[in-house]
Amino acid sequence: MTQCVLQLKNLSKVFYSDDLETHALQDVSLQVFKQEYIAISGPSGSGKSTLLSLLGLLDTPTSGSYQLAGHEVSKLSKAQRAQIRNQQIGFIFQSFNLISDLDVMENVELPLTYRKDLTKSQIKQMAAEALAKVNMSHRVNHYPSQLSGGQQQRVAIARAIAGSPSLILADEPTGNLDSKNAHDVLALLDQLHGEGATICMVTHDPRSAQRAQRNIEVLDGRIISDHKTHSAKADAADAMSV
Amino acid sequence: MSIRNDIKYAMRLLAKKPSFSALTVFVMATGIGLSVYLFSFMNTMLFKPLPFEDGEHIIEMTTSINGKRHFGDFNLHDFAQVQANLTSASEFSAYRNEIVSISGRDGARRYSATDARANIFALTRTTPILGRTFNSDEDKVGGEHVAVIGYDLWQNQFAGQADVLSQNITINGVNHRVIGVMPEGYYFPRRAQLWRPLRDNTEQVTREQNSLVTGLALRKPDVSIEQIDHQLNLIMQRLAERYPKTNSGLSAYALTMHMSTADGGMPVVYVLHIAAVLILVLASVNVGNLLLSRAVERSQETAIRVALGAPTGRLLSQLLWESIFICGLGGLIGLLVMGWGLEVTQTVTNQFFTDRPPFWWDFGVDAYTLKIFFAFLVGTIFVTGFLPAWRNINGDFNAVLRDGTRGALGKNAGKLNKALVIGEVFLSITILIVAAVMITASFKATYADYGVNTRNKLIGQIALPQESYATDEQKVQFVQALKTQLSTQNALHDTVVMSRLPGFSDQRPAIAVATQEYSQQNLSSYPRANQIAVLPGSLSNLEAQLIEGRFFSEADNKAQNHTVIVTDSFVDQFMTTAQPLGHKIQFISENGTKGPWFTIVGVIKHIVQNMPNRDKEIKMPSVYLPFAQAPRSSMFIAAHINSDMAIAKAALTKAVDDIAPDLPIFDIGSLDARLSQRVAPLRFVGGVLMLFGLASFLLAASGIYGVMANTISQRTQEIGVKRALGASEQRIIAEFVISGTKQLLFGAVPGLAIGLTLGYAMSAPIGVEFMDVAIAAVILTLLLSAVVLLATYLPTKRALVNEPAYALHSQ
């Protein structure tokens, strides 16, 4: 049986502002299995980014249960969540979110420097390997402002995978890119998936969503559909034929 | 039209955020008000030309010993040589100040008088409002006794009578014919209310008689004070070669009248000017930063304007108008408060003196103050407008429009913010050290230990007129009679009669200790000490601490008994023996004549006879001798009071009245109050500096907090990213605290270096030890470090309150 990476049960998130109560997510239940490639889509304000934030432990649910790698994480302390984010989750953002004062190598090293179990040389090596994987080894000394959007996103992907996380969360990774660079980035995610990564990607681009194995549609804070995509079926057919 | 729109826009922006506007206006008012105040205050005291034609050229010349400027007087003959050979000055005159008693219908009153050369009035291009000034016949030994009186004296003593010129005035018991009345407000050279001819000259007075004068002259145009000093040095060197016994080591120097009043404290004055500029810079940087944070908030709006084709000039104009309003309104408030402050200063400084301050101490908003005000105003507008403008011009508008994030203006802004914090730390540490030095000096002077008990002592002063008490015998008789009279007054106990009480400096003759070798047999090679004449019983009544030997007895108080008591500082500094009792010392007069040998009969603990702050670096030793052995014209009376002050005052006045009804006893009051008054200028400057220190600390604290909060707020997204990548809160806090500490060090190290240098320059003249400055610097650095760390910690902690998801989407 395929291993379950994360499991949400009746997860809800309510935002309070003044007298207003906004139910961003309502009773969401979801399972993500190892090496799955999931696209979460939906219109603006549907709750997909909130869902990704909860999956990434960037925010806490108002109610419900969230198990990551078999452990309940919805009630962990900030420090514990930080440690899990650092070692088990890799983030890719729409606007890259590279630190402008750090060069490419330093940006990729950044999450690794938060770990206490790695030596400097190990950090260097892991960062260099991640950069090699995204074909950015030739730009290690450049600053983000000296890179194109596509290059910045590749560095961001390197940063996300440098620590070999069990889950990669991507929030509109192609949203700020032209079609060529968007294609390259999606190809890179395909490649990572092919190498065994579990990926959850928020997108509202149908073409990007079609590259995933599973498509979850969110509307008004609820999952309205959860189905395998054509690509997954093709993969399954390929597997059968083999 | 466009300017009107910009003005309207700037006003609308200010009205939109009233608390922000009020804060910036307040900061600017504080900065401009305090700095202009200090410049105006210093200018009035020390730099403003005297209010006479050619007033800026009037100089005063005094002597120095072994290069140390001590405002000494010239021997009349030496000054005649200066007058003959100093080509860089003209219209030489000379004077000496005196306190005189003027008898009137309601008793005797004390006035400040100046005995001067006939041309002293011509030097100031001032003519009397009534009568005339002296002629050369009156200015010589045997000349007629005439006097020119001041306006105040005319009003007080003669009720402003028009026929004053036909009347006589009794000065120190001698009738003088009033020949002129000077205009209101004329007190030249400092606070004179009465002028008499000097009545001696080199033909009539010998060099050995050592008649002393202070020199006056007009500096020739285009000649600097330094050039005059150089010439004076050469002249005095020649005199030292010709008269080595009296003139060796003696030199002379010129100063403006103002500078001579500064009394060696010019390093303090220059440091205060620097402090004034620094506080203005601090205020400007703070306001600049506040406007900068506004510019950041409006970066998207600015970007839209650029995209719509707004020329850079228009954008700058809008920002500049905002600065103009803030600085203009702040400056105006600062100017008004400062004007009030100068009025208060006038009242406070009038209390520094028992009679009146130097006549040019006329504090108020004058032309110079307004000039400085406008210069500072323009400067602050430039600085406060420049920072936001720089920020906006250098922004990447396209990036702002593209993703609308705060971080889009990123790296340069970060550098600027760091520079602002470093600058604020640097400026505030420098100002705070300077302020701490002055406050320490003020505190130490106010609570100085004079070596005697100064509490519950009523004091008064008497100046015996030369005309009535010409001989030593007459003076001794007066003092003996006074002692008897004082003993009959029940309200007065433990009476003291001394030529000078502790805290009041006396004559400091050269002294030789028997059996000790002195390198050269001239005046400059001998040490000097205060020489105080006391009635027996005075030192014990003041509770001076006897270390060995004994106090004076009545048997000592005879002219032929040559006994002295010295302070332990005298023994430490001038004697090589540990057994001073029985050793002999000798006083040497200014003309080099050696006096009789005096035997040391007692050693007492050091008594501060000078200003306490002047006695810090090197304790000035004192020698006390019985009054009969060194009779003086001027003396202090003190008595312990157990009863009501008014009764004691009446008893003191009666005691003197009973002996000499025409002799005024003046400056009656408590010893503590008089000593406090002596250090009042230092206390006042200390108070002003305390205000400066407090203002700079608040400005720095709020400024640093503002910059840090702004910086951290701009980096909220970065914080979110780092947290998303797994950075713990502690890690984020540590990162910012380390960054804050670095900025602290970059600002504090040069700030400490400059502050300590300035503190060191100030410390000696005002009697603060460098160790005190160093301790103050360490405390202030720790205090400011706490401010920086708190200013870093609190906004960081606040930025971490929300979950990373919010920080990531922060706009």
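Remember, predicted model here, so these are calculated numbers, not experimental data. For every chain, the first residue of its written sequence is number 1, and the numbers climb from 1 along that sequence. The order in which chains are written sets their letters, starting at A; the order in which ligands are written sets their numbers, starting at 1. The model is predicted, so local features are restricted to residues of pLDDT at least 70 and side-chain atom pairs to those at 80 or more, both for listing and for counting; the totals for chains, interfaces and linings are taken over all residues.

### Description of the overall build of chain A
For helices the rule is a DSSP run of H or I covering at least 4 residues; for strands it is a run of E covering at least 2, with both sets numbered from the N terminus onward. Along chain A, the regular secondary structure elements total eight helices and 10 strands. Computation of the radius of gyration draws on C-alpha atoms alone. For the globule rule, the value is 2.2 Å times the number of residues to the power 0.38. A compact globule built from 242 residues would reach a C-alpha radius of gyration of about 18 Å, and chain A, at 18 Å, matches this within 12%. For the C-alpha atoms alone, the extent of chain A along its principal axes is close to 50 × 45 × 35 Å. By the burial criterion, 47% of the 242 residues in chain A qualify as buried. Note that contacts rest on C-beta atoms placed from the backbone: two residues are in contact if these are within 7 Å. Counting only contacts in chain A whose residues sit at least 6 apart along the sequence, the fraction spanning at least 24 positions is 66%. Labels follow a simple rule on C-beta atoms placed from the backbone: if 20 or more others lie within 10 Å of a residue's own, it is buried; if 12 or fewer, it is exposed; otherwise it is partly exposed.

### Considerations on the interface of chain B and chain A
Taken together, the 19 residues of chain B in the interface contact 21 residues of chain A. At the level of secondary structure, the elements contributing two or more residues to the side of chain B that touches chain A comprise helix H14 (410-446), helix H21 (716-724), helix H22 (729-766) and helix H24 (804-808) of chain B. Of all the elements, H21(B) adds the most residues to the side of chain B that touches chain A, at four residues.

### Observations concerning the sheet that holds strand S5 (residues 71-72) of chain A
Residues and elements named next belong to chain A. Taking strand neighbours across the sheet as the criterion, the four strands line up as S2-S1-S4-S5 in an open arrangement whose pairing is antiparallel. With partners counted over all chains shown, the strands left at the sheet margins are strand S2 (20-33) and S5, one partner each. By the bridge criterion, five bridges tie strand S1 (residues 4-17) to strand S4 (residues 63-68) in an arrangement that is antiparallel. Within S4, the residue paired with Ser12 across the bridge is Ser63. Here, a strand pair is defined by DSSP locating no fewer than two bridges between the strands.

### Points about the sheet that holds strand S3 (residues 37-41) of chain A
Residue and element names in this part refer to chain A. Reading across the sheet, the six strands line up as S6-S7-S8-S3-S9-S10 and stay open at both edges, with mixed pairing between neighbours. Every other strand in the sheet has two partners, leaving strand S6 (89-92) and strand S10 (222-228) as the edge strands with one partner each. On average, adjacent strands in this sheet sit at an angle of 15° to one another, irrespective of strand direction. Pairing between S3 and strand S9 (residues 214-219): four bridges, direction parallel. Following the sheet pairing, Ser41 is matched in S9 by Glu217. To obtain each axis, a line is fitted to C-alpha atoms, and for helices this fit is confined to the stretch in contact; angles are then taken between N-to-C directions over 0 to 180 degrees. Here helix H1 (residues 48-55) sits on the sheet and contacts S3, strand S7 (167-171), strand S8 (199-202) and S9; the angle it forms with S8, its principal contact strand, is near 150°.

### Notes on the domain arrangement of chain B
Buried accessible area, meaning the area lost when the parts come together, often serves as the stated size of an interface. As far as domains go, chain B holds domain 1 (1-54 + 264-404), domain 2 (68-248), domain 3 (421-448 + 685-811) and domain 4 (457-678). Look at where the C-alpha atoms of domain 2 of chain B and domain 3 of chain B centre, and you get two points 55 Å apart. Residue ranges for the domains trace back to a domain assignment, done automatically or taken from a database.

### Some remarks on the nonpolar core
Under the definition applied here, buried Ala, Val, Leu, Ile, Met, Phe, Trp, Tyr and Cys residues are grouped into a nonpolar core through C-beta atoms within 7 Å. Within the largest apolar cluster, 304 residues are counted, with the highest numbers of intra-cluster contacts made by Ile279(B), Ile433(B) and Val434(B). Those residues within four positions of Ile279(B) in sequence are excluded, and the remaining contacts are Gly31(B), Leu34(B), Ser35(B), Ile431(B), Phe692(B), Ala695(B) and Ser696(B).

### Some points on the environment of Val296(B)
Residue and element names in this part refer to chain B. For Val296, the location among the structural elements is in helix H9 (residues 266-297). In this structure Val296 comes out as buried when scored by C-beta crowding, with 21 C-beta atoms within 10 Å. Separated by 252 residues in sequence, Val296 and Glu548 place their C-alpha atoms 76 Å apart.

### A look at the environment of Leu756(B)
Residue and element names in this part refer to chain B. Turning to its location among the elements, Leu756 is positioned in helix H22. Considered as a pair, Leu756 and Lys654 are 102 residues apart in the sequence and their alpha carbons are 54 Å apart. Those residues in contact with Leu756 that sit more than four places away from it in its chain are Ile433, Val773, Ala774 and Ala777.

### Some remarks on the pairing of strand S21 (residues 622-626) of chain B
All names here are of chain B. The element S21 is extensively covered by neighbouring structure, given that five of its five residues are classed as buried. Along S21, one buried face is formed by Ser622, Tyr624 and Pro626 and the opposite face, lined by Val623 and Leu625, is buried too. Note that strand S16 (residues 530-534) and S21 share five bridges and pair parallel. Among the inter-strand pairings, Ala533 is bridged to a residue of S21, identified as Leu625. Sheet topology note: the strand S18 (residues 563-567)/S21 ladder contains two bridges and is antiparallel. Directly across from Val566, in S21, lies its bridge partner Val623.

### Some thoughts on unusual backbone geometry
Residues and elements named next belong to chain B. In this chain, Phe188 is followed by Pro189 through a cis amide linkage whose omega measures 5°. For Pro189, the location among the structural elements is in the loop between strand S9 (174-181) and strand S10 (194-197). Within the chain, Arg199 stands out as a residue other than glycine whose phi angle is a positive 60°. Assignment of secondary structure puts Arg199 in the loop between S10 and strand S11 (212-219). The exposure class of Arg199 is partly exposed, given the 19 C-beta atoms found within 10 Å. In the Ramachandran plot, Asp667 falls in the positive-phi region, its phi being about 50° despite a non-glycine side chain.

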